[in-house]
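# Architecture at a glance
What follows is each chain in one-letter form.
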Amino acid sequence: MPDRRPSYEELEALVASQAALIAELRVEVTELRGRLDQNSRNSSKPPSSDGYGKPAPKSLRRPSGRKPGGQPGHPGRHLKQVERPDQVLRHVPERCGACGEGLEGAPVVGEEARQVFELPPVALHVTEHRAQRRRCACGATSAALFPHGVSAPASYGPGLRSLALYLVCFQHLPYQRAARLMADWLGAPVSTGTLRAIVERGGGDLDRFQDIVRERLIGSAVTHFDETGARAEGALRWVHSASTGRFTLYRLHDRRGEDGIEHLGVLGSFKGVAVHDGWATYRNYEGAAHALCNVHHLRELLGAIERDPDTQTWAKEMDALLREIKAAVDQARAAGQDALSPAALAAFGERYEQVIARGHEQNPPPTKRTGKRGPIGRSKTANLHRRLDEHREDVLRFAHDFRVPFDNNQAERDLRMVKLQQKISGSWRTVEGAEGFLALRSYLSTAAKHGHDVLDVLARLVERDPWLPDAVAA
């Protein structure tokens, strides 16, 4: 018996189901292509994740019209001769270059000076301390006390310990390479275990420093927050940071979320403007006002433009609008103004609303579920649009309050040194070592922001008298 031919209604239902499946697969293919095309230029992915296929460097800045290099009027820098050299060597011509006669005793009619800057020979200097015991006429014996810091039969002095901290925590050399450098250049056979002990002891002497920095950050009008993954003792952990132009604080925690934020100890008591990226956990802290990083938005908008250049025209408009508002703020600030005019703010707000409205037209809410559970999935572009819509006050806070920057670059710059250490060394072997390193990085970063020489503050630290910031505002 021949198979029954499907009815018109059955064919129509089949075509409709196939059309729905094709539409769903198109969305999925677009999303997967978008993931493959993501890189540090068009998303929040770090540059270290780009691999060998990373894109050519391309800044989000627009051309300024100026030629690259030093601009007219820039003084430039070069090696200059010093007025009082440490050593002068005179070179005397022995014979005349014309007739060949000897020039001994001939008058000096001129001299040309050239200076060579060179390192002197470097070697360990060993000082032996001898504490005498003397017997008094009364028969009692008294012993001299050793100076502060001379506590063992053989120990490294403050200069060498300062250098160890400088190499490991400022120049980010791995322990083994730092030990090799000190052995090769100084003849100092320092073990990696000794270097770790020096770092942990240095970080352990900074509790009071960290308390002061935490207080200053909590009292700041604007503070930047960020976090990054890092491996310690073989497990993924999280470095949380809070910073301003004057202070830096890092702490390690097992969790990225609120537990880690609370462990840092700043945002929970903070009442100013918290600048951060779009990670939703930061916005759980309602005691602070919030400002979102717009450089993140520019990257994500670029990704939306590259994924859907024809259907997501709102993204290109928003990119141009954010740049225009930033230029207006920069121009007003350069002119000595502390706010944009109400008319300018109103005009920018109206244009922002228009761009958001176009985004709604180009990103209608999805009606078909792609999974069996949870909310209906949305594309990355739609999620970006929703954030720019729902949190527009935080997006544009920089235009209403000139204390607030356009971006979160302060936090990203401060975290960059931690990522550099991880990139070089791969991980911290112990949590204690990681905590000591982060305390020292907080110390060095804050001291540099206050204009202090890194070697000076390290010398104070190894003498157990660390530099402490005064009561200036953050």
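Everything that follows concerns the structure shown earlier in this document.
All values derive from a computational prediction rather than experimental measurement. (Residues numbered from 1 in each chain as written. Predicted model: local features only at pLDDT ≥ 70, side-chain atom pairs only at ≥ 80, totals over all residues. Heavy atoms only, no water.)

Here we come to the sheet that holds strand β4 (residues 235-243). Strand pairing within a sheet occurs via backbone hydrogen bonds; the two strands may be parallel or antiparallel. One open sheet holds the five strands; their spatial order is β5-β4-β3-β6-β7, and the pairing between them is mixed. Each edge of the sheet is formed by a strand with only one pairing partner; in this case those strands are β5 (248-253) and β7 (289-292). Adjacent strand axes in the sheet meet at a mean angle of 25 degrees when their direction is disregarded. Pairing geometry for strand β6 (residues 273-276) and β7, over four bridges, is parallel. Paired with Val275 across the two strands is Ala291, which belongs to β7. Strands β3 (222-232), β4 and β5 of the sheet are contacted by helix α14 (residues 431-449), whose axis makes an angle of about 170 degrees with β5. (Pairing = 2+ DSSP bridges. Helix = DSSP H or I, 4+ residues; strand = E, 2+ residues; numbered from the N terminus. Axes fitted to C-alpha atoms, helices over the stretch in contact; angles between N-to-C directions. Contact = heavy atoms within 4.5 Å.)

Glancing now at helix α9 (residues 342-362). For α9, with 21 residues, the first-to-last C-alpha span of 30 Å sits near the 30 Å given by 1.5 Å per residue. Taken together, the buried positions of α9 are occupied by Phe348, Tyr352, Val355, Ile356 and Gly359. In an axial view of α9, the angular spread of the buried residues amounts to 100 degrees, which keeps them on one side of the axis. Turned more than 90 degrees away from the buried face of α9 sit Pro342, Ala343, Glu350 and Glu361, all of them exposed. Tucked into the core, α9 has its buried residues touching α8 (313-334), α10 (380-390) and α11 (392-395). (Expected span 1.5 Å × (residues − 1). Buried < 20%, exposed > 50% of the residue type's maximum accessible area, 1.4 Å probe, protein only. Arc of directions from axis to C-beta.)

Turning to the environment of Met318, a few remarks are in order. Relative to the assigned elements, Met318 resides in helix α8. In sequence terms Met318 and Ile356 are 38 residues apart; their C-alpha atoms lie 8.2 Å from each other. Excluding residues within four positions of it along the chain, Met318 makes contact with Leu301, Tyr352, Val355, Ile356 and Leu388.

Turning our attention to the pattern of salt bridges. Within the structure shown, the criterion is met by 24 salt bridges. Arg460 is paired through a salt bridge with Asp465; the nearest N and O atoms lie 3.5 Å apart. Under the relative-accessibility criterion, Arg460 is labelled partly exposed at 35%. Exposure remark for Asp465: the relative accessible area of 44% places this residue in the partly exposed category. Here the salt bridges do not stand alone but share partners, grouping Glu233, Arg237 and Asp254 into one network. (Salt bridge = Lys/Arg side-chain N within 4 Å of Asp/Glu carboxyl O.)

So, about the packing of helix α2 (residues 158-170) against α14. Each pair of packed helices can be described by the angle between their axes along with the distance between the axes. Between α2 and α14, the least distance of the axes is 10 Å, while the angle of their chain directions is 95 degrees. When the axes of α2 and α14 are compared, the pair comes out roughly perpendicular. Two secondary-structure elements touch here, α2 through Leu165, Val168, Cys169 and Phe170 and α14 through Phe437, Leu440, Arg441 and Leu444. Considering only residue class, the contact of α2 with α14 consists of seven nonpolar, no polar and one charged. (Parallel < 35°, antiparallel > 145°, perpendicular 65-115°, else oblique. Nonpolar A, V, L, I, M, F, W, Y, C, P; charged D, E, K, R; others polar.)

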